[in-house]
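# Commentary on secondary and tertiary structure
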Amino acid sequence: MITLLTYPRAFGQYSGSPFCTKAAQFLKLSGVQWRREDMLDPRKMPFQKLPVIRTEGTLIADSDSIRSYLEAQGAQFDEGLSDIDKSTSRAFIRMAEEHIYFHVLLDRWGDDAMWPVLRDTYFQAIPWIMRNFVANSIRKTVLKGMHTQGLGRLSEQDRLARIEPDLDAVTTRLWQNRFLFGDKPTAADASVGPMISAAVARPNPSALSQRIKENAVLMGYVERIDGLLD
Ligand SMILES: N[C@@H](CCC(=O)N[C@@H](CS)C(=O)NCC(=O)O)C(=O)O
């Protein structure tokens, strides 16, 4: 039995981390037997990050490696896709993970109004007396990383303009399809879906969450993606 080591549920999502949700989507699509084990502190994990899977005593870290492991076991996430579709799929995955993800990160960690909720959700295991100190120091590190990455230098409205073409690209593929490459979910959905879904899963609205919520195509997609893990 495979065990998915994941951050716990948060904001109504399978996990507070869209990468953990992505790994869960791959496990579900693969049809293997698996279960979840929640973890709040990834410091003992190979890359000090989650998701990780444990299988026969071995740890496999990183959602892409988890995908590769499942494929090596025989899972086919892109069955029936042409080579052109597969190359587009790869580009969509990169767009989601190397761009949309950072918008979600900043939208969550950079929002003063959301911060108390995020702090008490992500750091619930830390006793109250220490929580503020630990959480604030991690927040500072995350925001410094976002400043280095570049998105952290933009205003919320400028960030919205920056992500708009990505949302348009996703919406265009979904006009005629339930999922990005047709009627059934493929690898791209396991990755793109959780990122879009995470952008709207928050206790208070942001410019980004409002933009997505006003789009019926995207919201229908979020519902279908989240439904795969029910
Ligand atoms: N490339 C990794 C990204 C995983 C990742 O960034 N995980 C974040 C949560 S979304 C994490 O564990 N962060 C903890 C840290 O950086 O200390 C994957 O695909 O699994």
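See above for the structure.
Now for a look at the structure at hand. Every value quoted in this text rests on a predicted model; they were computed, and no experiment measured them.

### Observations concerning the packing of helix 3 (residues 83-109) against helix 5 (residues 128-149)
Geometry of a packed helix pair, given as the angle between the helix axes and the separation of the axes. Closest axis-to-axis distance for the helix 3/helix 5 pair is 11 Å, and the angle between their directions is 140°. Judged on the interaxial angle alone, helix 5 and helix 3 are oblique. Like other packed secondary-structure pairs, helix 3 and helix 5 cross with a definite hand, here left-handed. Together, E98, F102, L105, L106 and W109 of helix 3 and I138, R139, V142, L143, M146 and Q149 of helix 5 make up the contact between the two elements.

### Here's the deal with the pairing of strand 3 (residues 52-55)
Residues in a regular strand project their side chains so that they alternate between the two faces of the sheet. Note: strand 1 (residues 2-6) against strand 3, 3 bridges, orientation antiparallel. Bridge pairing in strand 3 links L5 to V52. Joining the antiparallel neighbours strand 3 and strand 4 (residues 58-61) is a turn of 2 residues, in which E56 adopts a positive phi near 45°.

### Thoughts on the side chain of T3
Examined against the element boundaries, T3 turns out to sit in strand 1. According to the relative accessible area criterion, T3 is buried, its value standing at 3%. A polar atom in the side chain of T3 sits 3.4 Å from the side chain of R35. Once residues lying within four places of it in the same chain are set aside, the contact partners of T3 are R35, E37, V52, I53 and R54.

Thresholds, definitions, all that
- Residues numbered from 1 in each chain as written.
- Predicted model: local features only at pLDDT ≥ 70, side-chain atom pairs only at ≥ 80, totals over all residues.
- Heavy atoms only, no water.
- Axes fitted to C-alpha atoms, helices over the stretch in contact; angles between N-to-C directions.
- Helix = DSSP H or I, 4+ residues; strand = E, 2+ residues; numbered from the N terminus.
- Parallel < 35°, antiparallel > 145°, perpendicular 65-115°, else oblique.
- Left-handed = near helix turned anticlockwise from the far one by under 90°.
- Contact = heavy atoms within 4.5 Å.
- Pairing = 2+ DSSP bridges.
- Buried < 20%, exposed > 50% of the residue type's maximum accessible area, 1.4 Å probe, protein only.
- Polar contact = N/O pair within 3.5 Å; in protein donor to acceptor, adjacent residues only side chain to side chain.

Just geometry here; none of it tells us what the structure is for.
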